[in-house]
Amino acid sequence: MNKRHADAISFGAPRAMLLAAALLLAAVGSAVADQTRSDLTRQVGESTPLFTVATSQGTLADYNRDYYGQYHLVLTFFPAAFTPI
Amino acid sequence: MNCLLRWLPLLLAGLLVAACAPAIAPQPDPWQTMRQSGGSVLWLGEYRFVPPPPPWQELDLNENDLSLALYRSCDMAEPGKFPCESTMAYAEEPFGYSREFEPRAHEFLKRYLWASRVRFSTPELTPIVIDGRQALLVQVAGEEPVKHHRLQARIVFMHRGERVVAFFINQWRADGLPFSTADFAEFDRFVASFRFVKPSFYENL
Amino acid sequence: MEGHQRNLYLYDRFNARVAGVSRDDAETLHHWTKELGLTFPVFSNPVGHLGIWFDALEVGSPMFSRNTVVIDKWGTIRYMQRGSPDYREILRLLKQLHAEEVGP
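Described below are features of the structure shown in this document. All values derive from a computational prediction rather than experimental measurement.

1. Structural notes on the overall build of chain A
Link 1 in the chain: Within chain A, the regular secondary structure consists of two helices and three strands.
Link 2 in the chain: Listing each helix as α and each strand as β along chain A from the N terminus yields α-β-β-α-β.
Link 3 in the chain: Across the 85 residues that make up chain A, the buried fraction comes to 28%.
Link 4 in the chain: Sequence-distant contacts in chain A: of pairs separated by 6 or more residues, those separated by 24 or more amount to 3%.
Link 5 in the chain: By element, 65% of the accessible surface of chain A is carried by carbon and sulfur atoms, the whole surface being about 5400 Å².

2. Quick word on the pairing of strand 8 (residues 133-143) of chain B
All names here are of chain B.
Link 1 in the chain: Pairing between strand 6 (residues 119-120) and strand 8: two bridges, direction antiparallel. Among the inter-strand pairings, Arg119 is bridged to a residue of strand 8, identified as Glu143.
Link 2 in the chain: As paired strands, strand 7 (residues 124-130) and strand 8 are joined by seven bridges and run antiparallel to one another. If you follow Pro127 over to strand 8, its bridge partner there is Leu136.
Link 3 in the chain: Once strand 7 ends, the chain turns through two residues before running back antiparallel as strand 8, passing Asp131 with a positive phi of about 55 degrees.
Link 4 in the chain: Counted between consecutive antiparallel strands, the loop separating strand 8 from strand 9 (residues 150-160) contains six residues, among which His148 sits at a positive phi close to 60 degrees.

3. Structural notes on the pairing of strand 5 (residues 85-91) of chain B
Both faces of the sheet carry side chains from a regular strand, because those side chains alternate between them.
Residue and element names in this part refer to chain B.
Link 1 in the chain: Burial analysis of strand 5 places seven of its seven residues in the buried class, which makes it a mostly covered element.
Link 2 in the chain: Pairing analysis gives six bridges linking strand 4 (residues 68-73) to strand 5, with the strands arranged antiparallel. Following the sheet pairing, Arg72 is matched in strand 5 by Ser86.
Link 3 in the chain: Where strand 5 lies against strand 10 (residues 163-173), seven bridges are found, and the strand directions are antiparallel. Bridge pairing links Ala91 to Ala166 in strand 10.

4. Focus on the packing of aromatic side chains
Link 1 in the chain: Under the definition given, this model contains 28 aromatic pairs over all chains.
Link 2 in the chain: An angle of 50 degrees between the planes, with centres 6.4 Å apart, marks the rings of Trp43 of chain B and Phe49 of chain B as tilted. Just as Trp43 of chain B is buried, Phe49 of chain B falls in that class too.
Link 3 in the chain: Among the aromatic residues, ring-to-ring pairing joins Trp43, Tyr47, Phe49, Tyr90, Phe167, Phe190, Phe194 and Phe196 of chain B into one connected group.
Link 4 in the chain: Positioned over the ring face of Tyr9 of chain C is Arg99 of chain B, at 3.7 Å from the centre of the ring.
Link 5 in the chain: The ring of Phe184 of chain B has Arg154 of chain B sitting right over it, with the charged end atom 4.4 Å from the ring centre.

5. Overview of the interface of chain B and chain C
Link 1 in the chain: Between chain B and chain C, the contact holds 17 residues from the first and 15 residues from the second.
Link 2 in the chain: When chain B packs against chain C, the two sides together hide about 1500 Å² of surface, and 50% of this comes from carbon and sulfur.
Link 3 in the chain: Of all residues in chain B, Tyr97, Phe201 and Leu205 of chain B bury the most surface against chain C, accounting for 44% of the area lost on that side.
Link 4 in the chain: Our count for the chain B to chain C interface comes out at four salt bridges.
Link 5 in the chain: For the salt bridge of Arg6 of chain C with Glu93 of chain B, the shortest nitrogen-to-oxygen distance reads 3.4 Å.
Link 6 in the chain: Put simply, chain B and chain C have eleven residue pairs in polar contact (both at pLDDT 80 or more) between them.

6. Here we look at the interface of chain A and chain C
Link 1 in the chain: Listed as interface residues are 42 residues of chain A and, on the opposing side, 61 residues of chain C.
Link 2 in the chain: Where chain A abuts chain C, roughly 4700 Å² becomes buried across the two surfaces, and 62% of that area is made up of carbon and sulfur atoms.
Link 3 in the chain: On the chain A side of the contact with chain C, His72, Phe77 and Phe78 of chain A bury the most area, a combined 20% of that side's loss.
Link 4 in the chain: Elements with a minimum of two residues in the side of chain A that touches chain C: helix 1 (3-33), strand 1 (52-55) and strand 3 (72-77) of chain A.

7. Re the environment of Gly20 of chain C
Link 1 in the chain: Relative to the helices and strands, Gly20 of chain C resides in strand 1 (residues 16-22).
Link 2 in the chain: Once the C-alpha coordinates of Gly20 of chain C and Thr68 of chain C are considered, the two residues, 48 residues apart in sequence, prove to be 9.0 Å apart.
Link 3 in the chain: Among all residues touching Gly20 of chain C, those that are not within four sequence positions of it are Thr76 and Phe78 of chain A together with Met1, Phe40, Pro41, Val42 and Phe43 of chain C.

8. Here's the deal with the sheet that holds strand 11 (residues 195-196) of chain B
Residues and elements named next belong to chain B.
Link 1 in the chain: With antiparallel pairing, the three strands of this open sheet are ordered in space as 1-2-11. Among the strands making up the open sheet, the edge pair consists of strand 1 (41-43) and strand 11.
Link 2 in the chain: Here two bridges tie strand 2 (residues 47-49) to strand 11, and the two strands are oriented antiparallel to one another. Bridged to Arg48 within strand 11 is Arg195.

Procedures and definitions
Residues numbered from 1 in each chain as written. Chains lettered and ligands numbered in written order. Predicted model: local features only at pLDDT ≥ 70, side-chain atom pairs only at ≥ 80, totals over all residues. Heavy atoms only, no water. Helix = DSSP H or I, 4+ residues; strand = E, 2+ residues; numbered from the N terminus. Buried < 20%, exposed > 50% of the residue type's maximum accessible area, 1.4 Å probe, protein only. Contact = heavy atoms within 4.5 Å. Areas by Shrake-Rupley, 256 points an atom, 1.4 Å probe, with all protein chains shown as cover. Pairing = 2+ DSSP bridges. Phe/Tyr/Trp six-rings, centres within 6.5 Å; stacked < 30°, edge-to-face > 60°. Lys NZ or Arg CZ within 6 Å of the ring centre and 35° of its normal. Buried area = accessible area lost by both parts, 1.4 Å probe. Salt bridge = Lys/Arg side-chain N within 4 Å of Asp/Glu carboxyl O. Polar contact = N/O pair within 3.5 Å; in protein donor to acceptor, adjacent residues only side chain to side chain.

Limitation: the analysis is restricted to geometry and does not speak to function.
In structure tokens:
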């Protein structure tokens, strides 16, 4: 195994994780600075970020596969199921 | 003299009434600004109806969905205990979602008065016609299972365009107090008088 | 959510779909939607990144705040509104998006 491969296996992944953690911290930091909006928050007129999430119907919703180019999508965020909040 | 004595009580009664007249002067009409000819009122340019007379009063719903509610307490209220009260309403967006009456009635009753912990008896569903229009009358009784407050409710589902709207009245009573047939009669008059004066938002969409 | 269920037939007419989003797990959402009779999906996002992206997660809150977003079929965010859904405003926008889609 040459050095480059060893790097990729033993150091590459942790390095990527460190980078991700740093980005996350940066995001949280900026969110704390601005109590309401994160730098990651999109605005009207911007492209939607892509997402894949589990649904109440036992399926996965994949924005690109299920909505993009086919349907306008209304998303309503709410606090929690079974609460009147 | 005899004649005067005979008429004296009547004279005194007349004087008493005259003296009290300012105290029993009619209250200002709470619907005055909306009142139309014939006694009906025009509500937000959407509906026309004859409101029930005082002591029924409008409830401020603090909502923006064109619904309307009226309330009255009754003479049997026991201060500090459960109030004796009746509430009637028109709901532009009643609980539930079906556009057919019967499934909507069952959806409605799942959420109606949910926070009051009422347990309903089996509802009685009767198709009726109001002013030539199909409607569904639902009559149901209920009870708060711990405090034993009792409830009688009457709900009328109708269509406005392709959507279902509802009128309802409920009467809450402490155990042992009678329900008011007069309140139900006021409700029936209110429903019968109700007219949509223009197509709804959804009909125009 | 019941308001969306009431309007599904109109969303269909305007070529739109609707979903709820919360931080509940999918199993809880399954039971909840079944009890409410909702026939549209509710997305489960326990990590909360959808909330960050769409301005529904305030710092310090474990739950999303109420917020409605409309994404057109071309992938552009067209509407973001905090608070309970304004169903009439949403319907008017969907009608407009549908008109853009089908052309004059």
